[in-house]
Amino acid sequence: MGLWKLVRGVRQLELHRLILVLIVFCLLSMAFLAYFVSNSPKIKEAPPMPFSDCGGVVAAAAGGQRAPLFLPPFTVRQRTVKAVDNSRTEPVVLVFVESIYSQLGQEIVAILESSRFRYHTEIAPSKGDMPTLMERDIARYALVIYENILKYVNLDAWNRDLLDKYCAEFGVGIIGFFKANENSLLSAQLKGFPLFLHSNLGLRDYHINPAAPLLYITKPNEVEQGPLPGDDWTVFQSNHSTYEPVLLALTKSSEALAHLGPHRALHATVVQDLGLHDGIQRVLFGNNISFWLHKLIFVDAIAYLTGKRLCLSLERHLLVDVDDIFVGKEGTRMKVTDVKALLSTQNKLQTLVPNFTFNLGFSGKFYHAGTEEEDEGDDMLLQHRHEFWWFPHMWSHMQPHLFHNVSVLAEQMRLNMQFAQEHGIPTDMGYAVAPHHSGVYPVHSQLYEAWKSVWGITVTSTEEYPHLRPARHRRGFIHRGIKVKHCHFTVKLDNLIQKNMKESVRFCQEIKIILIHLILIDTALLQLDQKYSNIVKYYWNLKKTNPCHDKRHKDIWSKEKTCDRLPKFLVIGPQKTGTSALHSFLTLHPAITSNFPSPVTFEEIQFFNGPNYHDGIDWYMDFFPFPSNVSTDFMFEKSANYFDTEVVPKRAAALLPRAKILALLINPVDRAYSWYQHQRAHQDPVAINHTFHEVVTAGPSASKELLTLQNRSLKPGTYATHLEHWLVHYQARQLHIVDGTLLRSNPALVMDGIQQFLGVTPIFNYTQALVFDEGKGFWCQRLEGGRPKCLGKSKGRKYPEMAPETRAFLTEYYREHNLELLRLLNLLGQALPTWLREELQSTSWS
Ligand code: A3P
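Being a predicted model, the structure only gives us computed values, none of them experimental. Starting afresh in each chain, residues are numbered from 1 along the sequence in its written order. Totals for whole chains, interfaces and linings use every residue, but because this is a predicted model, local features are given only for residues with pLDDT of at least 70 and side-chain atom pairs only at 80 or more, for both listing and counting. To get the side-chain values, all heavy atoms of the structure are used, and hydrogens and water are removed first.

Draft legend 1. Spotlight on the nonpolar core. Ile 108, Ile 145, Ile 175, Phe 177, Tyr 206 and Phe 298 are the most contacted members of the largest nonpolar core, which has 47 residues in total. Starting at the N terminus, helices and strands are each numbered in turn, a helix being any DSSP run of H or I of at least four residues and a strand any DSSP run of E of at least two. At eleven residues, helix 6 (residues 292–305) tops the list of elements feeding residues into this core. Contacts between residues were defined by any pair of non-hydrogen atoms, one from each residue, lying within 4.5 Å. Not counting residues within four places of it along the chain, the set of residues in contact with Phe 177 comprises Leu 104, Ile 108, Ile 145, Tyr 146, Glu 147, Asn 148, Ile 149, Phe 285, Asn 287, Asn 288, Ile 289 and Phe 298. One finds Trp 390, Leu 409, Ala 410 and Ile 425 within the second-largest nonpolar core, a separate group that totals 46 residues. We define the nonpolar core as a collection of buried residues of types Ala, Val, Leu, Ile, Met, Phe, Trp, Tyr and Cys that are connected through side-chain atoms lying within 4.5 Å of one another. Type-normalised accessible area, obtained with a 1.4 Å probe on protein chains alone, sets the label of each residue: buried when under 20%, exposed when over 50%, and partly exposed for intermediate values.

Written out as structure tokens, the structure is:
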């Protein structure tokens, strides 16, 4: 009995042990399973909700960055990302590059530029010199990109803390790249993060994880079969739930990767940090962005991390033009087999892009001008004409800029139209392309006119504006109501159906392609044009677009458009300082020519300062004659409000960088009074109803109209401020300050100085050319026989003296400004005008 009890006791003990062992075993296997699952990323289900479209509205309303949509079933998310208000951040990217020449940095910038995202680059600081992140209450950047993520993780504690606090507070995400090199450790932990890096790997079969919340342009679930380029890939490994793989791949060989788990496991080379670790969302790349899929993910990461404020729309407008239909020498033209190939290519593309249609540009003159076989090709094209779109090229394939006469150009177009009508080619596209884009930019107005009148063209394209390369800098523009799109790529037809296009379409989500044009095909579809979104109203406001500085542009410019038809110097004002007198004296000089008068603004063109600027260079040039001798003739224009219109110096310097600039200064007190009298003479009700004293002394509570008049009287007289704007764009030696008081009292002396400054020959004798008119009280032109020819009544008006208290008030008002002018002129080494000297002497300035 006792023995039996003992045996039973031992058996019970074994049973307990057995159960205990079983429990331990279960726990261990669960732990192993959990570790394996979290360590070896698997493709998971797609997120339940689609991402909103670009614009950031939904994301912003939801509080900035979108909270993660997908919670992996095997992990428990400890925290959720703090909701942030991204209205407090500027939609600008801060890019930390390794150096201004670093390749990845340049690739990052190229993508930001082609996507039209605003950005600012800085050399990544190691310590101590983090750029200013805040401007008043606004965060200056909505996203931070590190070309080298190690620069971020190795920041000194102070700066790292500063940057992380900034990111957490304003919901600013970080994108970082880790590009391994031969010195990189094979395996290492990313400092301060629960993330391990395994470097210098060869990978293959790239998978897109549909569960990655950032996917937008990139289509989930696709696999890029085959080896990835290079053997320097880095994969990320973590068991923290904050990391969601974005792109995963298999290793090329099993041996090298014993430490990474099973051979068939997928390894993440791009991971999205959901912000569950430290409240900051990040996207990390285990390579650069050379691989095309990384470009897509990079753009998606930017969109995601900026709450869609920097985002590429899914809607793309593409058009494939096939120019030169019927054109070409015998033996180089399309035959029946080529036409069949074109149709079959179109059919293939239609399976990828619904309704894809090639757009054929025809030059009718060459129809049936090939070999017999080629003529059959022409016929076949026409038989299938309704399967294509058509646009007029040029009847004889001549470049439009070679036609000066609009009617001759229009006649050529009519011939092409007649051809189209005879052969049943549709003619209502409203789209045309000029051979070599000639005449589109630089603009040849005759082309635009003829296109409009014959074909009713509303859209064309160019690859010239503002210059050929790089393509991402090209812009569209609108000229005379015709929209000019910019082409990105010209491709050979043979290349059209290459892998790039197929891959791009396959890997991009739901792109609504409306049209396809010439132009394809960057693998990542990054550079494709969006619907006129980049079109600007005027077309040469950029420094780089000046056709006078570009040989290629000059070659496709009409012979009439010579840059010699532009002014060599400008008289910039300001108004009421004697600019008309100076203008009239200058035109007496045999080698100096002014512009033709404008029917609207009379002697002044007023090009750089206002809406005329949008009429472009041709419009401006038409105001000037052909110089009879390019080197000795001096053309100029005077527009007196150029002086104080801030945008003018930049625009003027963009077109006329070598121009000389004449500014005429009189005592600003007298200038203000003259302006006031000018307004009274033009029946300005505010000037009529208020004394000059009331105008200049009006306080902030005065009527808007009174304050406007006050501003227009006083502002041009703050001379130094305006001159400084000019000096940003012109060198000091290009600027000449003309003493307006001296011009009035001794014009011959002043004109001698101007001749010297301009370097104009022959030296003209103004003492003989001018005569003082007692009645007018001013110097005037001496006509033959000694009679004076003076300026009209509006110049040198008779009006009462200024009240002494007003003069005193204004003298005080301009005191600081005049002192600033004194300093500036001294700095420039320019002579002080007499009135400034007198002001200095008569007041106790120090
Ligand atoms: P007032 O009419 O107030 O006297 P602007 O041509 O820039 O509008 O400047 C007009 C001013 O030029 C006139 O202002 C006048 O004082 C000054 N002026 C200088 N020389 C002149 C001249 N030879 N004939 C007429 N006005 C002259």
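Additional details are given in the paragraphs that follow.
Draft legend 2. Seen up close, the site of the ligand. What makes a residue near a molecule or strand is one non-hydrogen atom of that residue sitting within 4 Å of it. In the vicinity of the ligand there are 17 residues, among which Thr 579, Ser 674, Trp 779, Lys 795 and Tyr 799 approach most closely. Contacts described as polar in this section are N or O atom pairs within 3.5 Å, which, within protein, must combine one atom able to donate a hydrogen with one able to accept it, while residues neighboring in sequence count only if both atoms come from side chains. A distance of 2.6 Å separates an oxygen atom of the ligand from a polar side-chain atom of Thr 579. At 3.0 Å, a backbone N or O of Arg 797 approaches an oxygen atom of the ligand. Note on areas: Shrake-Rupley with a 1.4 Å probe; residue coverage comes only from the protein chains shown. Taking 570 Å² as the accessible area of the ligand by itself, protein coverage stands at 94%. Counting residues per element, the ones that place at least two in the shell around the ligand are helix 13 (579–588) and strand 29 (778–782).

Draft legend 3. Here's a closer look at the pattern of salt bridges. Salt bridges, as used here, are contacts in which a Lys or Arg side-chain nitrogen is within 4 Å of a carboxyl oxygen on Asp or Glu. For the coordinates displayed, the defined rule picks out 22 salt bridges. Arg 140 is the salt-bridge partner of Glu 135, the closest N and O atoms lying 3.6 Å from each other. Residue Glu 135 is classed as partly exposed on the basis of its relative accessible area of 45%. With a shortest N-O distance of 3.2 Å, Arg 414 and Glu 411 are connected by a salt bridge. Residue Arg 414 and its partner Glu 411 are both found in helix 9 (residues 406–422); the two are separated by three residues, about one turn of the helix. By sharing partners, the salt bridges in this structure join Asp 273, Asp 278 and Arg 282 into a single network.

Draft legend 4. Examining the packing of aromatic side chains more closely. Here is the rule: rings of Phe, Tyr and Trp (six-membered ring for Trp) pair when centre to centre is within 6.5 Å. Planes less than 30 degrees apart are stacked, more than 60 are edge-to-face, and the remainder are tilted. Scanning the model with the defined rule gives 39 aromatic pairs in all. Centre to centre, the rings of Phe 607 and Trp 619 are 5.8 Å apart; their planes meet at 20°, and the pair counts as stacked. You can see Phe 607 sitting in the loop between strand 24 (592–594) and helix 14 (616–621) and its partner Trp 619 sitting in helix 14, a full twelve residues away along the chain. The exposure class of Phe 607 is buried, given its relative accessible area of 0%. On the basis of an interplanar angle of 25° and a centroid distance of 6.0 Å, the ring pair of Trp 726 and Tyr 730 is categorised as stacked. Judged by relative accessible area, Trp 726 falls into the buried class, the value being 1%. Following the ring pairs from residue to residue traces out a cluster consisting of Phe 607, Phe 608, Tyr 613, Trp 619, Tyr 620, Phe 623, Phe 624 and Tyr 642. Whether a charge sits over a ring comes down to the Lys NZ or Arg CZ being within 6 Å of the ring centre and within 35 degrees of the ring normal. The lysine or arginine in question, Arg 565, covers the ring of Phe 626, its NZ or CZ lying 4.8 Å from the ring centre.

Draft legend 5. Focus on the sheet that holds strand 26 (residues 660–665). If DSSP finds at least two bridges between two strands, the strands pair. Ordered in space as 24-25-23-26-27, the five strands form an open sheet in which the pairing is parallel. Bordering the open sheet on either side are strand 24 and strand 27 (735–739), each of which pairs with just one other strand. Here the strands of the sheet are splayed against their neighbours by 25° on average, with no regard to which way each runs. Here strand 24 runs beside strand 25 (residues 634–638); their pairing, made up of three bridges, is parallel. Bridging from a neighbouring strand, Ser 594 pairs with Phe 636 of strand 25. Helix axes are fitted only over the stretch in contact, all axes being lines through C-alpha atoms; the angle between N-to-C directions runs from 0 to 180 degrees.

Draft legend 6. Summary view of the state of the cysteines. Cysteine sulfur pairs qualify as disulfides if the two atoms are within 2.5 Å. A complete count under the given rule lists two disulfides for this structure. At a sulfur-sulfur separation of 2.1 Å, the disulfide partner of Cys 548 is Cys 563. Looking down the S-S bond of the Cys 548 and Cys 563 bridge, the torsion is -95°, so its handedness is left-handed. Here Cys 548, found in the loop between strand 22 (512–513) and helix 12 (551–555), pairs with Cys 563, found in the loop between helix 12 and strand 23 (569–571); they are 15 residues apart in sequence, far enough to count as distant. Judged by its relative accessible area of 22%, Cys 563 is partly exposed.

Draft legend 7. Layout of the packing of helix 13 against helix 22 (residues 747–758). In contact at an axis separation of 11 Å, helix 13 and helix 22 are set at 65° when each is read in the N-to-C sense. The angle between the axes of helix 13 and helix 22 places the two elements in the roughly perpendicular class. Read as a crossing pair, helix 13 and helix 22 show a hand that is right-handed. Contacts between helix 13 and helix 22 involve Leu 582, Phe 585 and Leu 586 on the former and, on the latter, Pro 747, Met 751 and Ile 754. Of the residues assigned to the contact of helix 13 with helix 22, the class counts are six nonpolar, no polar and no charged. To sort the angles, those under 35 degrees are grouped as roughly parallel, those over 145 as roughly antiparallel, those from 65 to 115 as roughly perpendicular, and the leftovers as oblique. For any pair of crossing helices, the crossing counts as left-handed if the nearer helix is rotated counterclockwise from the farther one by less than a right angle, and right-handed if it is rotated clockwise. Ten residues, namely Ala, Val, Leu, Ile, Met, Phe, Trp, Tyr, Cys and Pro, are considered nonpolar, four, namely Asp, Glu, Lys and Arg, are considered charged, and the remaining ones, Gly among them, are considered polar.

Draft legend 8. How the structure looks around the environment of Pro 657. Tracing the backbone shows Pro 657 in the loop between helix 15 (647–655) and strand 26. A relative accessible area of 29% places Pro 657 in the partly exposed class. For the pair Pro 657 and Gln 731, spaced 74 residues apart in sequence, the C-alpha separation works out to 9.5 Å. Not counting residues up to four positions away in its chain, the partners in contact with Pro 657 are Asn 546, His 549, Ala 652, Tyr 730 and Gln 734.

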